[in-house]
Amino acid sequence: MSPERTEGGAYGGVEELYREVILDHFKAPKNRGSLPNANAKADGMNPLCGDQLTLTGTIENGKLKDIRFEGHGCAVSQSAASMLTQVMKGKSLDDIRELAKTYKGLFGVEEEGAAKSKFKVDDLGDLIALEGVKKYPVRIKCALLSANTLLELIADHPRKS
Ligand code: ZN
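What you see is a predicted model; the values in this text were computed from it and never measured. (Residues numbered from 1 in each chain as written. Predicted model: local features only at pLDDT ≥ 70, side-chain atom pairs only at ≥ 80, totals over all residues. Heavy atoms only, no water.)

J.: Any chance you could break down the pattern of salt bridges for me, citing the residues and the numbers?
T.: Enumeration over the complete set of coordinates arrives at 9 salt bridges. The partner of R68 in a salt bridge is D66, with the nearest N and O atoms 2.9 Å apart. Judged by its relative accessible area of 22%, R68 is partly exposed. A salt bridge links K134 to E131, with the nearest nitrogen and oxygen atoms 3.5 Å apart. (Salt bridge = Lys/Arg side-chain N within 4 Å of Asp/Glu carboxyl O. Buried < 20%, exposed > 50% of the residue type's maximum accessible area, 1.4 Å probe, protein only.)

J.: Residue-level account of the coordination of the zinc ion, with values.
T.: With distances of 2.1 to 2.7 Å, the protein atoms coordinating the zinc ion are C49 (SG), D51 (OD), D51 (OD), C74 (SG) and C142 (SG). For the zinc ion, the donor residues sit on a single chain with the sequence spacing C-x1-D-x22-C-x67-C. Of this pair, C74 sits in the loop between β3 (63–72) and α3 (75–88) while C142 is found in helix α6 (residues 137–155), placing the two residues 68 residues apart along the sequence. The exposure class of C142 is buried, given its relative accessible area of 0%. (Donors = N, O, S within 2.8 Å, 3.2 Å for Na, K, Ca; no water. Helix = DSSP H or I, 4+ residues; strand = E, 2+ residues; numbered from the N terminus.)

Keep in mind these values describe shape, not function.
Quick look at the structure:
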């Protein structure tokens, strides 16, 4: 991936740090693969960009005990899946729904829900690195693909708190 000349120098600093976090997850993704003992599975795709994603998870007692992702697509979609699985693994399904609202709020999606979420942007871990994507509306779907697919994955499971 070549640096974007129109961008780099002007913004520098924080944005470049974020870009590095994104590329790190793209090159060395966390939780990649599929779970042989999964009891939940969801597929997602973003036809605009050609991103594809399959999530497998084990859900027990209202918690996402483990999760893996497989797929292909742009750096934003794949690194988002890596970051998201890292943040969401081990969380209760209720917390996942709340965190997803906070995450969508980063891009101006579901702002109202994000404001009411019990989690702040600081709770999003590396996902915060994707905030800059909001300047590129066409890429927001790439960033949200894994979050929406995860919400689908847990949708059929009853809430237990
Ligand atoms: Zn994409």
